[in-house]
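Working through the structure, step by step
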Amino acid sequence: MDQLRIALPKGRLLTDALSFLARAGYPFSDGVERSRRLLILDQTKRLEAVLVKPRDVPVFVEYGATDLGIVGTDVLREMERDVYEPLLLPFGYCRLSVAAPADRPNMPLRLEPSPRVATSYPNLTQRFFQQRGVSPEIILLSGSVELSPLVGLADLLVDMVETGRTLRENGLVELRTIMHSQAALIANRAAYTLKAEAMMAFINDLRQAITEKVSEKF
Ligand code: PRP
């Protein structure tokens, strides 16, 4: 059967992605996360993984550099790449939210016709505000977005919230949820057909691991 190549996101999804793949029968050796190697092979030699930034996962998959990828649905909706999405995965649960300083939560939405909004999700943010008749001025950042209202860079921010700890520790409150997110398996459209047998076998292994994980909770 064809060997498959998968793009895995470096960062907070990686640990869960690796343990989920191990549970599905594709264990990578310990220490992969700490190593600087970017191309790794699982112990069964059926799956090769490349480690890339989360936002690059859909790019690798769309161009066929990898057959598959694991990425958050937040990144998928923001990037709008032409990839197939065969399976949602049971980890990486978080939400994309609008937040503001706790001492003036209503000010920007009520009084500002064009609030300044800091985010690393410009497309989802623009769409959310425009659907509500608001034209935000988007300040594009690539990290530490929560800092922006605290130093006068923006009125509001839009960012991922998982535990809510980052917001709390910076005196911010959530105003609205834009979308809920979780990990998803994505596939290159051509590879999905050309390597159908290997793809189906891999997806079935993942489905089995999802069923086991869900049934463990009951
Ligand atoms: C993410 C996100 C928030 C934080 C939310 O940042 O951007 O800052 O996690 O998590 P919490 O609700 O559990 O506090 P990440 O640590 O991935 O780094 P980043 O600032 O580079 O985005």
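Refer to the structure presented above.
Presented here is an overview of the structure given in this document.

**Some points on the side chain of N188**
Relative to the helices and strands, N188 is located in the loop between β11 (183–187) and α7 (189–194). For N188, a relative accessible area of 8% gives the class buried. Setting aside residues up to four positions removed in sequence, N188 forms contacts with V61, E62, Y63, G64, T66 and D67.

**Regarding the sheet that holds strand β2 (residues 39–41)**
Pairing is mixed across the open sheet formed by 6 strands, whose spatial order is β2-β3-β1-β4-β11-β5. This sheet does not close on itself; its edge strands, each paired only once, are β2 and β5 (84–88). Averaged over all adjacent pairs, the angle separating strand axes in this sheet is 30°, with direction ignored. Relative to strand β4 (residues 68–72), strand β1 (residues 4–9) runs parallel, the two sharing 2 bridges. Looking at β4, one finds that I6 is bridged to L68. Helix α1 (residues 14–23) contacts β1, β3 (47–52) and β4 of the sheet and is inclined by roughly 150° relative to β1.

**Structural notes on the site of the ligand**
Neighbouring residues of the ligand: R12, G143, S144, E146, D159, M160, V161, E162, T163, G164, R165 and T166. Taking D159, its side chain carries an N or O atom lying 2.7 Å from an oxygen atom of the ligand. T163 places a polar side-chain atom, nitrogen or oxygen, 2.5 Å from an oxygen atom of the ligand. In the complex, 67% of the free accessible area of the ligand, which totals 500 Å², lies under the protein chains. Most atoms of the ligand, that is more than half of them, are within 2 Å of grid points of the largest pocket. Elements supplying a minimum of two residues to the shell around the ligand: β9 (156–161) and α6 (165–169). Sort the elements by how many residues they give to the shell around the ligand and β9 lands first, with 3 residues. Class assignment for the residues of the shell around the ligand results in 2 nonpolar, 5 polar and 5 charged.

**Things to note about helix α5 (residues 122–130)**
Along an α-helix, residues three or four positions apart point the same way, because every turn accommodates 3.6 residues. Restricting attention to buried positions, one finds in α5 the residues L124, T125, F128 and F129. One side of α5 carries all its buried residues, which in axial view fall inside an arc of 125°.

The rules behind the values
- Residues numbered from 1 in each chain as written.
- Predicted model: local features only at pLDDT ≥ 70, side-chain atom pairs only at ≥ 80, totals over all residues.
- Heavy atoms only, no water.
- Helix = DSSP H or I, 4+ residues; strand = E, 2+ residues; numbered from the N terminus.
- Buried < 20%, exposed > 50% of the residue type's maximum accessible area, 1.4 Å probe, protein only.
- Contact = heavy atoms within 4.5 Å.
- Pairing = 2+ DSSP bridges.
- Axes fitted to C-alpha atoms, helices over the stretch in contact; angles between N-to-C directions.
- Near = heavy atom within 4 Å.
- Polar contact = N/O pair within 3.5 Å; in protein donor to acceptor, adjacent residues only side chain to side chain.
- Areas by Shrake-Rupley, 256 points an atom, 1.4 Å probe, with all protein chains shown as cover.
- 1 Å grid on protein atoms, 1.4 Å probe; cavity = no way out; pocket = protein on both sides within 12 Å on 5 of 7 lines; lining within 4 Å.
- Sits in = over half its atoms within 2 Å of the grid points.
- Nonpolar A, V, L, I, M, F, W, Y, C, P; charged D, E, K, R; others polar.
- Arc of directions from axis to C-beta.

Geometric descriptors of this kind do not, in isolation, establish any biological role.
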